[in-house]
Amino acid sequence: DAGVTQSPTHLIKTRGQQVTLRCSPKSGHDTVSWYQQALGQGPQFIFQYYEEEERQRGNFPDRFSGHQFPNYSSELNVNALLLGDSALYLCASSPLDRSDYEQYFGPGTRLTVT
Amino acid sequence: AQSVTQPDIHITVSEGASLELRCNYSYGATPYLFWYVQSPGQGLQLLLKYFSGDTLVQGIKGFEAEFKRSQSSFNLRKPSVHWSDAAEYFCAVGPTGTASKLTFGTGTRLQVTL
């Protein structure tokens, strides 16, 4: 059973560009959350998707947007990239079984903005 | 608002010695509590979690943690550290009843000397 997968592994972009990161949840999971982890920091919650809708959002600007597809996979889009957007972006999925509240994390996408 | 404090940024222990990593949280009710480990360049792996019941929880790799409501703490312990335990450790808090937004501490980097 594949866990949470993310693509690409690494990405280098220039300030002002736009980027799309992708996440496939663990089998049997329907909820996807995105986190940003800056160097030397703990992950910070960006938003969560359930039933193809944004259910909860952290303190991130509108430049950060997302989407969830019918197969539960998700995309994170960041527009007008800033140097400060350089970070490890983590995707986490949660199961359909509501008695399990664990979030399972993927390996992350390392985004570098130059 | 919920928050997590990990007061130790960096800890060094000798292989075979015991380990305790501190975590204090601020939350309006009884939260869900988690400890994650992150090896360099990797995603997050769950070590253990507390939802309810017995306040001493056992996790993978020989780790355990104790929930102390009176102290708002959830410290991670291991009786004998192995060199492979060197990594970054994150404590996280989440709301009860849902696999929702996690709030992470800033992490504790564990170095193990031989």
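These remarks concern the structure in this document. Owing to the predicted nature of the structure, the values given are computational and were not obtained by experimental measurement. (Residues numbered from 1 in each chain as written. Chains lettered and ligands numbered in written order. Predicted model: local features only at pLDDT ≥ 70, side-chain atom pairs only at ≥ 80, totals over all residues. Heavy atoms only, no water.)

1. Remarks on the overall build of chain A
Looking only at helices and strands, chain A has 0 helices and 11 strands in total. Of the regular secondary structure in chain A, the N- to C-terminal order runs β-β-β-β-β-β-β-β-β-β-β. Computed over the C-alpha atoms, the radius of gyration of chain A is 13 Å, within 12% of the 13 Å expected from 2.2 N^0.38 for a compact globule of 114 residues. Each principal axis of the C-alpha distribution contributes one length, and for chain A these read about 40 × 25 × 25 Å. Across the 114 residues that make up chain A, the buried fraction comes to 50%. Total accessible area on chain A stands at roughly 5,300 Å², and carbon and sulfur atoms take up 48% of it. Taking the average location of the 9 positive side-chain charges in chain A and that of its 12 negative ones, the two points are 11 Å from each other. (Helix = DSSP H or I, 4+ residues; strand = E, 2+ residues; numbered from the N terminus. Rg over C-alpha atoms; globule rule 2.2 N^0.38 Å. Buried < 20%, exposed > 50% of the residue type's maximum accessible area, 1.4 Å probe, protein only. Areas by Shrake-Rupley, 256 points an atom, 1.4 Å probe, with all protein chains shown as cover. Lys, Arg positive; Asp, Glu negative; His and termini not counted. Charge placed at Lys NZ, Arg CZ, Asp CG, Glu CD.)

2. What to know about the sheet that holds strand β3 (residues 19-24) of chain A
Residues and elements named next belong to chain A. One open sheet holds the 4 strands; their spatial order is β1-β3-β8-β7, and the pairing between them is antiparallel. Among the strands making up the open sheet, the edge pair consists of β1 (5-7) and β7 (64-68). On average, adjacent strands in this sheet sit at an angle of 20° to one another, irrespective of strand direction. (Pairing = 2+ DSSP bridges. Axes fitted to C-alpha atoms, helices over the stretch in contact; angles between N-to-C directions.)

3. Overview of the nonpolar core
In this structure, Leu19(B), Trp35(B), Leu47(B), Leu48(B), Phe74(B), Leu76(B) and Tyr89(B) are the most contacted members of the largest nonpolar core, which totals 26 residues. If you tally residues by element for this core, the top one is strand β10 (residues 87-94) of chain B, at 4 residues. Counting residues in hydrophobic clusters, the runner-up holds 20 residues, among them Val19(A), Phe47(A), Phe60(A) and Ala87(A). (Core = buried A, V, L, I, M, F, W, Y, C linked by side-chain atoms within 4.5 Å.)

4. Some details on the interface of chain B and chain A
Frequently, the measure chosen for interface size is the accessible area that the parts lose on association. Contacts between the two partners involve 21 residues from chain B and, on the opposite side, 20 residues from chain A. Interface area, chain B with chain A, both sides summed: about 1,600 Å², of which 55% is carbon and sulfur. Our count for the contact surface shared by chain B and chain A stands at 1 salt bridge. Summed over the shared surface of chain B and chain A, the number is 5 residue pairs in polar contact (both at pLDDT 80 or more). Contributions of two or more residues to the side of chain B that touches chain A are made by β5 (32-38) and β6 (45-50) of chain B. When residues of the side of chain B that touches chain A are assigned to their parent elements, the largest contribution, 4 residues, is made by β5(B). (Contact = heavy atoms within 4.5 Å. Buried area = accessible area lost by both parts, 1.4 Å probe. Salt bridge = Lys/Arg side-chain N within 4 Å of Asp/Glu carboxyl O. Polar contact = N/O pair within 3.5 Å; in protein donor to acceptor, adjacent residues only side chain to side chain.)

5. A closer look at the pairing of strand β6 (residues 53-57) of chain A
Two faces belong to every sheet, and in a regular strand the side chains alternate between them. Residue and element names in this part refer to chain A. Of the strand pairs in this sheet, strand β5 (residues 44-50) and β6 are connected by 4 bridges, and their pairing is antiparallel. Among the inter-strand pairings, Phe47 is bridged to a residue of β6, identified as Arg57. Linking β5 back to β6 in an antiparallel pair, the connection comprises 2 residues, with Glu51 at a positive phi of about 50°.

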